[in-house]
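Commentary on secondary and tertiary structure
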Amino acid sequence: MCFTVGVTDGSPVQRKPVAGAATGAGTLLQLLRDGLPRTRSELSAITGLARSTVTGRVDALLAAGLIAPSGETASTGGRPPATFAFNPAARIVLGADLGATHARLAVTDLAGNVLAAVNADLDIALGPKAVLDWTVEHGRKLLDEVDRPLGDLLGIGIGLPGPVEHSTGRAVNPPIMPGWDGFDVPAYVSEGLPVPVLVDNDVNIMALGEHFTAWPEYEHLLFIKAATGIGCGIIASGQVYRGAQGAAGDMGHIQVAGAGDTHCRCGNTGCLEAVASGAAIAAKLTERGVAARGSLDVVELARSGNVPALRLIRQAGRDIGEVLAGAVNFFNPSIIVIGGSLALAGDHLIAGVREVIYQRSLPLATRHLRIAAARTGESSGAIGAGVMVIEHALDPARLDSDSSFFGTNG
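Cut-offs applied
- Residues numbered from 1 in each chain as written.
- Predicted model: local features only at pLDDT ≥ 70, side-chain atom pairs only at ≥ 80, totals over all residues.
- Heavy atoms only, no water.
- UniProt positions renumbered as here; feature names shortened; annotations may be inferred.
- Helix = DSSP H or I, 4+ residues; strand = E, 2+ residues; numbered from the N terminus.
- Expected span 1.5 Å × (residues − 1).
- Buried < 20%, exposed > 50% of the residue type's maximum accessible area, 1.4 Å probe, protein only.
- Contact = heavy atoms within 4.5 Å.
- Domains from an automatic or database assignment.
- Buried area = accessible area lost by both parts, 1.4 Å probe.
- Salt bridge = Lys/Arg side-chain N within 4 Å of Asp/Glu carboxyl O.
- Axes fitted to C-alpha atoms, helices over the stretch in contact; angles between N-to-C directions.
- Parallel < 35°, antiparallel > 145°, perpendicular 65-115°, else oblique.
- Left-handed = near helix turned anticlockwise from the far one by under 90°.
- Nonpolar A, V, L, I, M, F, W, Y, C, P; charged D, E, K, R; others polar.
- Pairing = 2+ DSSP bridges.
- Core = buried A, V, L, I, M, F, W, Y, C linked by side-chain atoms within 4.5 Å.

The protein chain is annotated in an unreviewed UniProt entry as ROK family transcriptional regulator of Glycomyces buryatensis. Recorded under Sequence similarities (unreviewed entry), the UniProt text for the protein chain is reproduced unchanged: "Belongs to the ROK (NagC/XylR) family."

Have a look at this one:
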């Protein structure tokens, strides 16, 4: 027996039993991760397992520290039954969001709550060893800051600003990451911090962090990062969708109608990123005599009321909407979340996106579609990298086979 998750109204996640594999301690933990305290009898009724079996699973989870007693329920005669709930403090994870020119690192508990974090200006072009050495060094410092031993560290998640083969953790021909192509990131990082290391594209981890913290009730989500580049993270049925090789969501290199022969850094012409990214807008402003070096300058100009900047951001939203309109018809998301530095310029970008999507997409696909600004802010990538590790490590089948948690008790 296993459990599916469905949330429709913002209430606590409900997990319903369905036919499937045997329910081990890992699956019981998945049920308890909604935070609601339950008695052994309630767990037995939900799972269909014998009371003695549930007791064994609960004892294994208690011994591992993954659940903890949470009081007693009202007695209906006799001794009040004890309740148990998920214990997010049982382990910690590290999440690293490594961007083109920045690095954000956070240590979180198993519920994604940030316990400590550090941000820094760090150029990804310095190469993998320099950037990853910084990650390991500051990861150890964060462990000291929260006073947790290395043994409590469940794993490390890393997001990179380029195409990543998730199964191997290696970047593949990343255009702005010299020296990173094919570099074995997990192996290198685990030499300094000997724990499992997972690596993904930065937009995927931002989508995961945003979904986990702000929009868990939406099972089908598109997260758009509009910054120096443009990318899309896809959440399908509550899970990150990466495609066959991890290239899903690379919308920045879809050709935009009317973009002409504008050259893109990927080698093609007319790409969305070449006409609607922060770098592209900054270049257009500079051509018009308005000094702008990148996305942050564009945002600052827009916030100060600069009319050319506002118009270009609105048009960028329309161009993004042009590409997304096809994605809405094809994927039928519940929500589109707009993030990245350009989204900090106010409603102008989102207004342009909405304008085109509602005009060009099918009425059925847009009937209940929500288009909203990101809520998690700059921490979404680091949180999402940590959540990637949490979901991987606490996967029921994996957890039941991991002797480091349960030994032979699971």
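That shown, we press on.
1. Side note on helix H13 (residues 380-393)
One turn of the α-helix equals 3.6 residues, which is why residues spaced by three or four share an orientation. Its 14 residues give H13 an end-to-end C-alpha distance of 20 Å, which sits within 8% of 20 Å, the value for a rise of 1.5 Å per residue. Counting buried residues along H13, 12 of its 14 residues qualify, which places the element largely inside the surrounding structure. Buried within H13 we find Ser380, Gly381, Ala382, Ile383, Gly384, Ala385, Gly386, Val387, Met388, Val389, Ile390 and Ala393.

2. Considering the environment of His166
Looking at where His166 falls in the secondary structure, it is placed in the loop between strand S10 (164-165) and strand S11 (170-171). Given a relative accessible area of 25%, His166 falls into the partly exposed group. Contacts of His166, omitting those with residues within four sequence positions, involve Val199, Asp200, Arg242 and Met388.

3. Overview of the domain arrangement of the protein chain
Here the protein chain is described as being made up of domain 1 (25-73 + 81-86), domain 2 (92-206 + 380-401) and domain 3 (214-377). Contacts between the two partners involve 8 residues from domain 1, matched on the other side by 7 residues from domain 2. Roughly 650 Å² is buried in total at the junction of domain 1 and domain 2, and carbon and sulfur atoms are behind 60% of that figure. Broken down residue by residue, the surface that domain 1 buries against domain 2 is led by Gly26, Arg33 and Phe86, which jointly contribute 56%. Here domain 1 and domain 2 share 1 salt bridge between them. Arg33 serves as the salt-bridge partner of Glu391, at 2.9 Å between the closest nitrogen and oxygen.

4. A closer look at the packing of helix H4 (residues 128-145) against helix H5 (residues 185-192)
Across the interface, H4 lies against H5 with an axial gap of 10 Å and an inter-helix angle of 40°. In this view, H4 runs oblique relative to H5, as classed from their interaxial angle. Remark: the crossing between H4 and H5 carries right-handed chirality. Along the contact surface, H4 presents Lys129, Leu132, Asp133, Val136 and Arg140, while H5 presents Val185, Tyr188, Val189 and Gly192. Grouping the constituent residues of the contact of H4 with H5 by class yields 5 nonpolar, 1 polar and 3 charged.

5. A word on unusual backbone geometry
Even without a glycine there, the phi angle at Asp147 is positive, about 60°. In this structure, Asn173 takes a positive phi of about 45° despite not being glycine. On the secondary structure map, Asn173 appears in the loop between S11 and H5. Of the residues examined, Asn173 reaches a relative accessible area of 57% and is grouped as exposed.

6. Quick notes on the sheet that holds strand S16 (residues 335-339)
On the basis of which strands lie adjacent, the open sheet formed by 5 strands has the order S15-S14-S13-S16-S17 and mixed pairing. Bordering the open sheet on either side are strand S15 (239-240) and strand S17 (370-373), each of which pairs with just one other strand. Bridge count for strand S14 (residues 230-236) against S15 is 2 bridges, and the pairing is antiparallel. Bridge pairing links Ile235 to Val240 in S15. Packed on one face of the sheet, helix H10 (residues 307-331) meets strand S13 (221-226), S14 and S16 and runs near 165° to S13. The sheet contacts of helix H11 (residues 348-360) involve S13, S16 and S17, and relative to S17 the element is tilted by about 170°.

7. With respect to the nonpolar core
Soluble globular proteins tend to bury their nonpolar side chains together. Judged by nonpolar contacts, the single largest core of 43 residues is most densely connected at Leu29, Leu66, Leu110 and Trp215. For this core, the secondary structure elements donating two or more residues are helix H1 (25-32), helix H3 (51-64), strand S5 (82-86), helix H6 (202-214), S13, S16 and H13. Per-element tally for this core: the top contributor is H13, with 7 residues. If we ignore the near neighbours within four places in the chain, the residues touching Leu29 are Leu61, Leu66, Ile67, Phe86, Leu394 and Leu399. One finds Ala226, Ala276, Ala292 and Ile371 within the second-largest nonpolar core, a separate group that totals 42 residues.

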